[in-house]
Amino acid sequence: MNSLRIRIGVLGLALLTGFSAPTAASAAEAPAPSPTVEEGRLDRAVPQEILRRSGFDTVAPGLARALDEARSYAQARRTVVREGAQLWRRAVDRAQGRGPAGGDLSPDDDRPLYWARLAMTREVRTWEPEFGLTDGQRAALLDELERTSRGQTAISYPRGKGLKRILVTGFDPFTLDRDIRISNPSGATALALDGTVIETADGPARIETAVFPVRWQDFTQGTVERTLRPHLPEVDLFTTVSQGRVGRFDVERTNGAWRGGFADNDNIGRTETVPVTDPASQPQWTTTTLPYRAIVAADTGRFPVYDNTSVTEIPAGGTEPVVRPEGPTPGSTARAGGGGDYLSNEIAYRATLLRDRLGLHDALPGGHVHTPVLQFGAGNTTEVTDPEFVRNRLDIIAQVRTILRVAAEES
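Predicted model, so just to flag it, every value in this text is computed and none were measured.

Participant: Just to check I follow, could you spell out the overall build of the protein for this structure?
Facilitator: Scanning the protein for helices and strands turns up 14 helices and 14 strands. Radius of gyration (C-alpha) of the protein: 23 Å, near the 22 Å computed for a compact globule of 411 residues. Out of the 411 residues in the protein, the part that is buried amounts to 52%. Long-range pairs, those at least 24 residues apart, make up 77% of the contacts in the protein between residues at least 6 apart in sequence. Of the roughly 17,800 Å² of accessible surface on the protein, a fraction of 53% belongs to carbon and sulfur atoms. Here the protein contributes 48 positively and 53 negatively charged side chains, and the mean placements of these two sets differ by 3 Å.

Listed below in structure tokens is the structure:
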């Protein structure tokens, strides 16, 4: 209503002044864009049930009220940073049993964070403050919200010696048009392990985590490198984690510089070489430096763990893709790493390429681990959760934790 009165007042002023030209500031203001494809799924029954049954249905309305009180872009930015960081901390606390449960969904569930974040980004994307926003300002607010609510700005290790430092990343749920109930065990693992300490034979190891979107554009814009670059020189071990194959873990030996075109969470596909800075020095392949032999040999949990060496390449001098079970051949062009040609492979490629460009290949163990697909109980095609679904997620989280302990002891 206040916005309507202001618009009427502006129109009256224009009439009195002979329809004078708008100022440069008002001309730069842009109307609020429409919600994205990803945000558009929010109004379906399953996301609303997940938000309601976790208590996270209050998050976006709280942000909306706070934004309504903002009287400047600077104040709005502070609000977004605060609310985004609080969402991440609330999700981590819930996953680790701190604070009120807020509903009957199991605390290990990663989906409340995902859907609450989308509700928040939709609020920011469609918000029309009285003071106006430029496209650049709105994009900056959305970027701050994404980074803070994913834990990307909260990575911090205690100072001093005697403590190993481990960095772990996870992903949002994806393929939601196939089944909107989907959870991603890598995201759940990130919430469960953030800020925790595991005891190894060599002493304690502190784990810090962050979660990444399933969107090609964010990766093109460098979200992985921006998040990891400040921390790789200070950690003792890192692994990117994502959901992979049914019934098994895989330590991916080789990562490829290729996007295979599968649609992301905004239903956008990309088929191209992975875009990175300084493409002239870009390798077709990067490799894990995780202690994969020790990980595969250890008893880490109920799911088998494999050293996956297979890739798909176009051989040197060739034109057609060929599957190579034992890894790439010299001079070949990547068409899929061990982790495929989607964003799982890409985050592994980007993280290990960054490791190498920082001169840490021989000093820093790092690579990618694929978890089993998180499955619902037999016969469950409609319910958002069930006992087997929860058990599977908890077992995957526990096994990732054990894999990290083994990797830390062998590094």
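Participant: Explain a negative patch on the surface to me, please; I cannot follow it from the model alone.
Facilitator: Together, Asp68, Glu69, Glu123 and Glu130 line one region of the surface with negative charge. Inspection of the secondary structure puts Glu69 in the loop between α5 (59-68) and α6 (73-95). Classification of Glu69 as exposed rests on a relative accessible area of 57%.

Participant: Would you mind showing me how to read the nonpolar core here?
Facilitator: One recurring pattern in soluble globular proteins is that nonpolar side chains are buried together. Membership of the largest hydrophobic core comes to 38 residues, with the highest contact counts inside it found for Trp115 and Val124. Listed by contribution, the elements that provide at least two residues to this core are α4 (45-54), α5, α6, α7 (111-126), α8 (135-149) and α9 (185-193). Top element by residues in this core is α7. It accounts for eight residues. Once residues within four sequence positions are removed from consideration, Trp115 is found in contact with Glu38, Arg41, Leu42, Pro47, Ile50, Leu51, Leu176 and Ile180.

Participant: Honestly, the environment of Pro315 in this entry has me stumped. Any pointers?
Facilitator: Checked against the element boundaries, Pro315 lands in the loop between β11 (311-314) and β12 (322-324). Sequence separation between Pro315 and Gly379 is 64 residues, and the spatial gap between their C-alpha atoms is 44 Å. Dropping the residues within four chain positions of it, Pro315 is found in contact with Glu320, Val322, Arg324 and Ser332.

Participant: Is there a simple way to explain the packing of α5 against α6 in this structure?
Facilitator: Relative orientation of the contacting elements α5 and α6 amounts to 160°, with a least axis distance of 10 Å. With respect to each other, α5 and α6 are oriented roughly antiparallel. Crossing angle aside, the handedness with which α5 passes α6 is right-handed. Here Val59, Leu63, Ala66 and Leu67 of α5 come into contact with α6, specifically with Ala76, Thr79, Val80, Arg82, Glu83, Leu87 and Arg90. Looking at the contact of α5 with α6 residue by residue, the classes come out as seven nonpolar, one polar and three charged.

Participant: What is the right way to read the packing of aromatic side chains from this model?
Facilitator: Two measures describe an aromatic ring pair: the distance that separates the ring centres and the angle between the ring planes. Applying the stated criterion across every chain yields a total of nine aromatic pairs. Ring centres of Tyr114 and Trp115 lie 4.8 Å apart, and the angle between their planes is 70°; this geometry places the pair in the edge-to-face category. A single burial state applies to Tyr114 and to Trp115, both of which are buried. Considering the side-chain rings of Phe171 and Phe219, the 6.1 Å spacing of their centres and the 10° angle between planes classify their relative orientation as stacked. Here the residue Phe171 occupies a position in strand β1 (residues 164-171), and Phe219 occupies one in helix α10 (residues 216-220), the gap between them amounting to 48 residues. Put simply, the rings of Phe174, Trp216, Phe262 and Tyr342 touch in pairs and so form one group of aromatic residues. Geometry around Tyr306 places Arg248 over its ring, the cationic atom sitting 4.1 Å from the centre.

Participant: Is there a simple way to explain the sheet that holds β11 in this structure?
Facilitator: Backbone-to-backbone hydrogen bonds join strands into a sheet, with any given pair of strands oriented parallel or antiparallel. Reading across from one edge, β12-β11-β13 is the order of the three strands in this open sheet, with antiparallel pairing throughout. Only two strands of the sheet have a single neighbouring strand rather than two, namely β12 and β13 (333-336). The average undirected angle you get between the axes of adjacent strands in this sheet is 45°. When β11 meets β13, the two strands line up antiparallel, connected through three bridges. Within β13, the position partnered with Ile314 by the bridge is Thr333.

Participant: Explain the sheet that holds strand β4 (residues 237-243) here, please?
Facilitator: An order of β2-β3-β1-β4-β14-β5-β10 is seen for the seven strands of this open sheet, with the pairing classed as mixed. Two strands close off the open sheet at either side, each with one partner strand: β2 (197-200) and β10 (305-308). Going from strand to strand, the sheet's axes swing by 25° on average, the running direction of each strand aside. Bridge count for β1 against β4 is four bridges, and the pairing is parallel. The partner of Ile166 across the bridge, within β4, is Leu237.

Participant: What should I look at first to understand the confidence of the model for the protein in this one?
Facilitator: When pLDDT is low, close inspection of the predicted coordinates is not appropriate. The share of residues in the protein with pLDDT of 70 or more is 93%, and the mean pLDDT across the chain is 93. Every residue in residues 1-27 scores below 50 in pLDDT, and together they form six contacts with partners more than four places removed in sequence or on other chains.

Participant: Whenever I open this one, the side chain of Ser242 confuses me. Can you help?
Facilitator: Structurally, Ser242 is set in strand β4. Here the side chain of Ser242 touches His368 through a polar contact of 2.7 Å, side chain to side chain. With near-sequence residues (within four places) excluded, Ser242 lies in contact with Phe171, Ser186, Ser344, His368, Val369, His370 and Thr371.

Participant: Sorry if this is basic, but what is going on with unusual backbone geometry here?
Facilitator: Residues other than glycine predominantly adopt negative phi, and peptide bonds predominantly adopt the trans conformation. Of note in the backbone geometry, Asn267 takes a positive phi value of approximately 60° without being a glycine. Of note, Asn267 is situated in the loop between β7 (258-260) and β8 (271-273). The class for Asn267 is partly exposed, based on a relative accessible area of 44%. Its identity is not glycine, yet Asp278 carries a phi of approximately 55°, on the positive side.

Participant: Could you clarify how one ought to interpret the pattern of salt bridges in this entry?
Facilitator: Note on pairing: side chains with opposite charge can pair once their charged atoms come close. Within the structure shown, the criterion is met by 36 salt bridges. Asp43 is paired through a salt bridge with Arg122; the nearest N and O atoms lie 3.1 Å apart. On the criterion of sequence distance, the pair formed by Asp43 in the loop between α3 (37-40) and α4 and Arg122 in helix α7 is long-range, its members being 79 residues apart. Here Arg248 ties to Asp250 by a salt bridge, and the two come within 2.5 Å at their closest N and O atoms. A relative accessible area of 0% places Asp250 in the buried class. By sharing partners, the salt bridges in this structure join Glu38, Arg117, Glu146, Arg150, Asp172, Arg215 and Asp218 into a single network.

Analysis parameters
Residues numbered from 1 in each chain as written. Predicted model: local features only at pLDDT ≥ 70, side-chain atom pairs only at ≥ 80, totals over all residues. Heavy atoms only, no water. Helix = DSSP H or I, 4+ residues; strand = E, 2+ residues; numbered from the N terminus. Rg over C-alpha atoms; globule rule 2.2 N^0.38 Å. Buried < 20%, exposed > 50% of the residue type's maximum accessible area, 1.4 Å probe, protein only. Contact = heavy atoms within 4.5 Å. Areas by Shrake-Rupley, 256 points an atom, 1.4 Å probe, with all protein chains shown as cover. Lys, Arg positive; Asp, Glu negative; His and termini not counted. Charge placed at Lys NZ, Arg CZ, Asp CG, Glu CD. Patch = residues over 30% accessible without salt bridge, like charges linked within 9 Å, V, L, I, M, F, W, Y side chains within 5 Å. Salt bridge = Lys/Arg side-chain N within 4 Å of Asp/Glu carboxyl O. Core = buried A, V, L, I, M, F, W, Y, C linked by side-chain atoms within 4.5 Å. Axes fitted to C-alpha atoms, helices over the stretch in contact; angles between N-to-C directions. Parallel < 35°, antiparallel > 145°, perpendicular 65-115°, else oblique. Left-handed = near helix turned anticlockwise from the far one by under 90°. Nonpolar A, V, L, I, M, F, W, Y, C, P; charged D, E, K, R; others polar. Phe/Tyr/Trp six-rings, centres within 6.5 Å; stacked < 30°, edge-to-face > 60°. Lys NZ or Arg CZ within 6 Å of the ring centre and 35° of its normal. Pairing = 2+ DSSP bridges. pLDDT = per-residue confidence, 0-100. Polar contact = N/O pair within 3.5 Å; in protein donor to acceptor, adjacent residues only side chain to side chain.

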